[in-house]
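Architecture and fold: a report
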Amino acid sequence: MNSPRNQLSNLGHGIRLFALAGPLIANNLAIAGMGFADTVMAGRLGTADLASVAVGNSVWMVVFLFGLGVLMAMSPTAAHAFGAGRNAEVGSYMRQCLWLSQGLALVSLLAVSRSEWVLGAVGVDPSVIPLTVGYLNAIAWGLPAMYAYLSLRFMSEGVGWTRPIMYVALVALVVNVFGNWVFMYGKFGFPAMGAVGCGVASAVSMWVMLAVMATYVFTHKRYRRFKLATGIERPDPARLRTLLGLGLPIAVSVVSEAGLFSAVAVLMGTLGATVVAAHQIAINFAATMFMVPLALHSALTIRVGHALGRGEPDLARRIGIIGIIICGGLMAISAVMLLFFRADVAAFYTSDKDVLALAVSLLTMAMIFQISDGLQVGAAGALRGFKDTRIPMLINFSCYWLAAFPLAWYLGVVRDLGPQAVWVGLILGLSLTALCLNLRFLAISRHRQLSPAV
């Protein structure tokens, strides 16, 4: 049994995690708000524009999330250096991450330039392709700014200063919505560009995000100790390899999970419009609730990294366990809410009786889905704090693509058992991932306890 002193200590660690995660929750909700605004404002223009934004965003997210995953390596790297008191190293790694970000932007721009061929190859309606390509070509010009912003953001996260990230996201939300109004509908003398205007507005908001974050980081006294602006630093192969060694497995993990949900959405599309609508309701609610543990995931990476940087593996393990329990607990609260109010949640989205009944059924399954999701994202954050990314990458890929998707496809399409059967695959994948990642965390954190110098 924990002593009162230990219980107070655990409470303190939980409070500090929430203090770090609070601005990140606001950031996540603001980013979700941008996607919501894009969808609503495109919908007012007609089916073609809405479809182009939806299809284009699906392609965009794969490209963007890969770069995001690679650059996430900056957060645990900065956290370890900061925890160890190596402040100048934080600045040096940030400058190397900026080089990496622009290399990723170049590769991503080349990938987007082939989007017309990809869209045609996967069978997208030919009438939608020109607008979709226009949207992608427009939004892609924001990639250099977005990836540079992420380098600064993850540096700031790593040293435990998350508040500016919230400020930037709120500014970007306003700029994005205003930009949509100007460029999509043709205001202030600009032509009405429709879906392409949505891409232009998103690209502009990305450059604004970089400008605001860079101004804050390079002028605020809190960052002076890191010597961020010491001039142009040549690319350092050793440090770039360190960042890539951490970041590439994270990128594969992130894309594996996002890819699974995209693939399941495609499977649902083969089962009819009612099924797609009900699935979208259940997934949208789950994704909204997921914003809180996702922010805690980042806070866990930071706090665990700080403890390890100070040479305190016992504390790192303890913080990790507390954070995982909190993430699982929060999603359990969401599951209890669904137990009693799932019909009300579904009714908030739709009044169609057929969609409503199926959405309630899927939200019932989401009760299990959410708890697993909370536990897996908590463990992933703790493991990234340990700079452990390769084995988690293999776990994610195996659980999602060797277990979850084949089962979802077999039950939902081959056996034709309906959308609930497809969700069985999702539940299996997330539950297996949660189990394996938590076992991995317990093993590696125990190893660091026994071998603190590792």
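Residues numbered from 1 in each chain as written. Predicted model: local features only at pLDDT ≥ 70, side-chain atom pairs only at ≥ 80, totals over all residues. Heavy atoms only, no water.

1. Some points on the environment of P293
Within the secondary structure, P293 sits in helix α11 (residues 273–309). Given the relative accessible area of 1%, P293 is considered buried. When the C-alpha atoms of P293 and M268 are compared, they prove to be 26 Å apart, with 25 residues separating the residues in sequence. Residue contacts for P293: discarding those within four places in its chain leaves C327, M331 and V377. (Helix = DSSP H or I, 4+ residues; strand = E, 2+ residues; numbered from the N terminus. Buried < 20%, exposed > 50% of the residue type's maximum accessible area, 1.4 Å probe, protein only. Contact = heavy atoms within 4.5 Å.)

2. Thoughts on the pattern of salt bridges
Scanning all chains against the criterion turns up five salt bridges. Salt-bridge contacts for R86 lead to E89; the nearest nitrogen and oxygen are separated by 3.0 Å. Put simply, E157 and R153 hold a salt bridge, and the shortest N to O gap is 2.8 Å. Here the residue E157 and the residue R153 both occupy positions in helix α7 (residues 143–158), the gap between them amounting to four residues, near one helical turn. (Salt bridge = Lys/Arg side-chain N within 4 Å of Asp/Glu carboxyl O.)

3. Quick notes on the side chain of T433
Inspection of the secondary structure assignment puts T433 in helix α15 (residues 419–450). A relative accessible area of 0% places T433 in the buried class. Not counting residues up to four positions away in its chain, the partners in contact with T433 are Q376, I395, N396, C399 and Y400.

4. Digging into the nonpolar core
Generally speaking, nonpolar side chains in soluble globular proteins are found buried as a group. Ranked by internal contacts, the top residues of the largest apolar core, which has 91 residues, are Y147, Y149 and L150. With ten residues, α7 is the single largest residue contributor to this core. Once you skip the residues sitting within four places of it in the chain, L150 turns out to touch F64, L68 and L71. Core analysis: the second largest hydrophobic core is formed by 32 residues, V275, F369, Y400 and I427 among them. (Core = buried A, V, L, I, M, F, W, Y, C linked by side-chain atoms within 4.5 Å.)

Interpretation in functional terms is not warranted from these geometric data alone.
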